[in-house]
Amino acid sequence: MVDFDKHVRRGHPVVFSLIIFFSIIELAISAWLVSRFNLRHDYLSLAVRDRTRFILFACCWTFFFGVLYFGLFLYRPTGGVFTSVLSHAVFLLLTWIFWTAAAAAITAALGGGLNCSQHFTYCGQLNALEAFAWIIWIFVTFALLVVFFRGISASRRGDGFRGGLIA
């Protein structure tokens, strides 16, 4: 059987860094839009306003817990409650649900994206909000799949889902 531990040791920080990086970008865009919507009340619809607020929540969630899991994995990758397969699976599953809902909701609210030649208010920012939501969803989906497969290998080696991502 192929040993993927060195790939997980290298890949976990890379994937979580990308998730954190894009969450910061999405956090900046959504916070700015929520600020503008609250100040000027010039949102396209209530759906766009509310879904932008939900994306702001999802960004805060992803950033906070992403940094926590990133740091704990660097500190103690082989053991511990927060570096276990089960802990990663729960965090990533909740995060995946949030980003699936957020990306699909903003896509539906914008009708798949805005044509900026029609001069919508905050058109570029809303298109970027939608694009980065899907980018984060892709990275979280990838991380969740890796954790799922690492859970299978942890079960096969006898550790169960409480075992670490790496042996």
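Every value quoted in this text rests on a predicted model; they were computed, and no experiment measured them.

Where helix H2 (residues 46-75) contacts helix H3 (residues 85-110), the axes come no closer than 9 Å and their chain directions differ by 155°. On the basis of their axis angle, the class for H2 and H3 is roughly antiparallel. In this structure, H2 crosses over H3, and the sense of that crossing is left-handed.

All right, on to the packing of aromatic side chains then. Within the structure shown, the criterion is met by 18 aromatic pairs. Taking the centre distance of 6.4 Å and the plane angle of 35° together, the rings of Trp-96 and Trp-137 count as tilted. Here Trp-96, found in helix H3, pairs with Trp-137, found in helix H4 (residues 123-156); they are 41 residues apart in sequence, far enough to count as distant. Taking relative accessible area as the criterion, Trp-96 reaches 27% and is therefore assigned partly exposed. Accessibility expressed as a relative area gives 23% for Trp-137, which makes it partly exposed. When the ring of Trp-134 is compared with that of Trp-137, the centres are 5.5 Å apart and the planes differ by 80°; the resulting orientation is edge-to-face. Of this pair, Trp-134 and Trp-137 are both found in helix H4, three residues apart, which corresponds to roughly one turn of the helix. Here a set of aromatic residues connected by ring pairs shows up, and it is made of Phe-16, Phe-54, Phe-57, Trp-61, Phe-64, Phe-65, Tyr-69, Phe-91 and Phe-98. In this arrangement the basic side chain of Arg-49 is found over the ring face of Tyr-43, its NZ or CZ atom lying 5.3 Å from the centre.

As a further point, take the pattern of salt bridges. If the charged atoms of two oppositely charged side chains come close together, the side chains can form a pair. One pass over the structure, following the stated rule, counts one salt bridge. Salt-bridge contacts for Asp-50 lead to Arg-49; the nearest nitrogen and oxygen are separated by 2.9 Å. Note on Asp-50: relative accessible area 37%, which makes it partly exposed.

So, on to a nonpolar patch on the surface. A cluster of nonpolar side chains, contributed by Leu-86, Val-90, Leu-93, Leu-94 and Ile-97, occupies part of the molecular surface with about 410 Å² of accessible area. With respect to the element layout, Ile-97 can be found in helix H3.

Let us look at the UniProt feature "transmembrane region" (unreviewed entry) in the chain. Taking the UniProt record as the reference, the feature "transmembrane region" (unreviewed entry) is found at residues 12-34, 54-75, 87-111 and 131-152. Structurally, residues 87-111 comprises 96% helix and 0% strand, and the distance from its first C-alpha atom to its last is 36 Å. When the span residues 131-152 is considered, its composition is 100% helix and 0% strand, and the gap between its end C-alpha atoms is 32 Å.

Time to look at the state of the cysteines. Within the structure shown, the criterion is met by one disulfide. A sulfur-sulfur separation of 2.1 Å characterises the disulfide bridge that pairs Cys-116 with Cys-123. Taking the torsion about the S-S bond as the criterion, the Cys-116 to Cys-123 disulfide, at about -95°, is left-handed. Here Cys-60 is not cross-linked by a disulfide; its sulfur's nearest cysteine counterpart is in Cys-59, at 6.7 Å. Taking the relative accessible area as the measure of exposure, Cys-60 reaches 39% and is therefore partly exposed.

This paragraph deals with the nonpolar core. Formed by 35 residues in total, the largest nonpolar core has its most connected members in Leu-33, Ile-55, Leu-92, Trp-99, Leu-126 and Leu-129. Contributing elements (two or more residues each) for this core: helix H1 (5-40), H2, H3 and H4. With eleven residues, the top contributor of residues to this core is H4. When sequence neighbours within four positions are dropped, the list of residues in contact with Leu-126 reads Leu-33, Phe-37, Leu-44, Val-48, Thr-52, Leu-110, Leu-114 and Thr-121.

Conventions used here
Residues numbered from 1 in each chain as written. Predicted model: local features only at pLDDT ≥ 70, side-chain atom pairs only at ≥ 80, totals over all residues. Heavy atoms only, no water. Axes fitted to C-alpha atoms, helices over the stretch in contact; angles between N-to-C directions. Helix = DSSP H or I, 4+ residues; strand = E, 2+ residues; numbered from the N terminus. Parallel < 35°, antiparallel > 145°, perpendicular 65-115°, else oblique. Left-handed = near helix turned anticlockwise from the far one by under 90°. Phe/Tyr/Trp six-rings, centres within 6.5 Å; stacked < 30°, edge-to-face > 60°. Buried < 20%, exposed > 50% of the residue type's maximum accessible area, 1.4 Å probe, protein only. Lys NZ or Arg CZ within 6 Å of the ring centre and 35° of its normal. Salt bridge = Lys/Arg side-chain N within 4 Å of Asp/Glu carboxyl O. Patch = residues over 30% accessible without salt bridge, like charges linked within 9 Å, V, L, I, M, F, W, Y side chains within 5 Å. Areas by Shrake-Rupley, 256 points an atom, 1.4 Å probe, with all protein chains shown as cover. UniProt positions renumbered as here; feature names shortened; annotations may be inferred. Disulfide = S-S within 2.5 Å. Core = buried A, V, L, I, M, F, W, Y, C linked by side-chain atoms within 4.5 Å. Contact = heavy atoms within 4.5 Å.

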